[in-house]
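Here is how the chains run, residue by residue.
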Amino acid sequence: MSSRSVALTSTFLLLAAGGTAACDNGNDYQDEGFYCADENGVIVDEDYCDDDNNGGGGLGGGFFIWHSSGYRSGYPVGSRLPSGGSKFAYNDKAARSSFGLPSSGKIGNGTVKTSVVGKGGSGSSGKSGG
């Protein structure tokens, strides 16, 4: 009976360790950097992603909020963001809120949000409105 108890305990510990590793891989809290850029990932002035500008219309369509855990602050306007980021339409209130950003208004280029849960980097895209 003693060896059966040891075997069950060992099995439980292995399963618990595997479960912890699986959780660590997909749901980590991470820092996420945000930029206003065109569809090709070229950074533009954040006014282009301000959906409160001119009564909520922004300065034009075709602009997105790009994000990645690999983006740092300080990339200048006109530079291309490193590969591996994802984007969503600048006026997508639900996407903004899911990242802990204000649901409308301007988001400064290089904004970094901490404790974003497993949201990063699959290259997904959103539609631009307006």
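Please read these numbers as outputs of a predicted model, since none were measured by experiment. (Residues numbered from 1 in each chain as written. Predicted model: local features only at pLDDT ≥ 70, side-chain atom pairs only at ≥ 80, totals over all residues. Heavy atoms only, no water.)

A.B. asks: Mind showing me how you'd approach the packing of aromatic side chains here?
C.D. replies: Two aromatic rings are characterised by how far apart their centres lie and by the angle between their planes. All chains considered together, the criterion is met by six aromatic pairs. Pairing Tyr35 with Tyr75 gives two aromatic rings, centres 5.4 Å apart and planes at 50°, and the pair type is tilted. In this pair, Tyr35 is assigned in strand S1 (residues 29-38) and Tyr75 in the loop between strand S2 (63-68) and strand S3 (86-89), connecting sequence segments 40 residues apart. In terms of burial, Tyr35 and Tyr75 fall into one category: buried. Relative to Phe99, the ring of Phe88 has its centre 5.6 Å away and its plane inclined at 5°; by these criteria the two rings are stacked. Of this pair, Phe88 sits in strand S3 while Phe99 sits in the loop between helix H2 (93-98) and strand S4 (111-117); the two residues are 11 residues apart in sequence, bridging distant segments of the chain. For Phe99, a relative accessible area of 9% puts it in the buried group. An aromatic cluster of at least three residues, connected via ring pairs, comprises Phe34, Phe88 and Phe99. The cationic tip of Lys87 hangs over the ring face of Phe64; the distance from NZ or CZ to the ring centre is 4.5 Å. (Phe/Tyr/Trp six-rings, centres within 6.5 Å; stacked < 30°, edge-to-face > 60°. Helix = DSSP H or I, 4+ residues; strand = E, 2+ residues; numbered from the N terminus. Buried < 20%, exposed > 50% of the residue type's maximum accessible area, 1.4 Å probe, protein only. Lys NZ or Arg CZ within 6 Å of the ring centre and 35° of its normal.)

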